[in-house]
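What the coordinates show
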Amino acid sequence: MELTVLPLGRSVSVSSDVADLIGFIDQSGIPYQATAFGTLVEGTLDQLMNIVKKSHELIRAKAPRAVILIRLDDYADRTDLLTTSVAHVEQHLGRDVRQ
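Residues numbered from 1 in each chain as written. Predicted model: local features only at pLDDT ≥ 70, side-chain atom pairs only at ≥ 80, totals over all residues. Heavy atoms only, no water.

All right, on to helix 1 (residues 15–28) then. Compared with an ideal rise of 1.5 Å per residue, which puts 14 residues at 20 Å, helix 1 spans 20 Å between its outermost C-alpha atoms and is within 8% of the ideal. Along helix 1, the residues that are buried comprise Asp17, Leu21, Ile22, Phe24 and Ile25. Down the axis of helix 1, the smallest arc covering the buried residues is 160°, so these residues share one side. More than 90 degrees from the buried face of helix 1, the exposed residues found are Ser15 and Gln27. Buried-residue contacts for helix 1 involve strand 1 (2–8), strand 2 (32–34), strand 3 (39–41) and helix 2 (45–60). (Helix = DSSP H or I, 4+ residues; strand = E, 2+ residues; numbered from the N terminus. Expected span 1.5 Å × (residues − 1). Buried < 20%, exposed > 50% of the residue type's maximum accessible area, 1.4 Å probe, protein only. Arc of directions from axis to C-beta. Contact = heavy atoms within 4.5 Å.)

This is the structure in C-alpha cells:
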C-alpha cells in the first residue's frame, strides 16, 4: 500500500507530522519504506487498514483537516514487493535505478 497523509490547516511544513506517522508505522513491525511523497507499507489487508485508521487518528488529533491518499496493490500471496519490485525492473534494465 502507498499511504500519503496530508495534514491541513496548521503549517506549511509537515515533517514533524510525517515523523510521528513514520514512528507509529515503524513500531507496528510491518515492512515499510518512506519516500518523498508517501510511505510504502506491506502487510495483510487488516494490518494495512489498521495503519490507515491509526494514521488518520494521529493526524486528526493534531490538525483540523486531513487528506489521506491510499493506493493498494493486492498481489495474491506475495509479501516481498518492497524489495523485489525494483529489483525486477533493474533486471530488465541491466543496471541499478537511481534512488
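For the rest of this paragraph, the subject is a nonpolar patch on the surface. A cluster of nonpolar side chains, namely Leu45, Met49, Ile70 and Leu72, defines an oily patch on the protein surface of about 360 Å² accessible area. Along the chain, leucine 72 turns up in the loop between strand 4 (65–71) and helix 3 (81–93). (Patch = residues over 30% accessible without salt bridge, like charges linked within 9 Å, V, L, I, M, F, W, Y side chains within 5 Å. Areas by Shrake-Rupley, 256 points an atom, 1.4 Å probe, with all protein chains shown as cover. Salt bridge = Lys/Arg side-chain N within 4 Å of Asp/Glu carboxyl O.)

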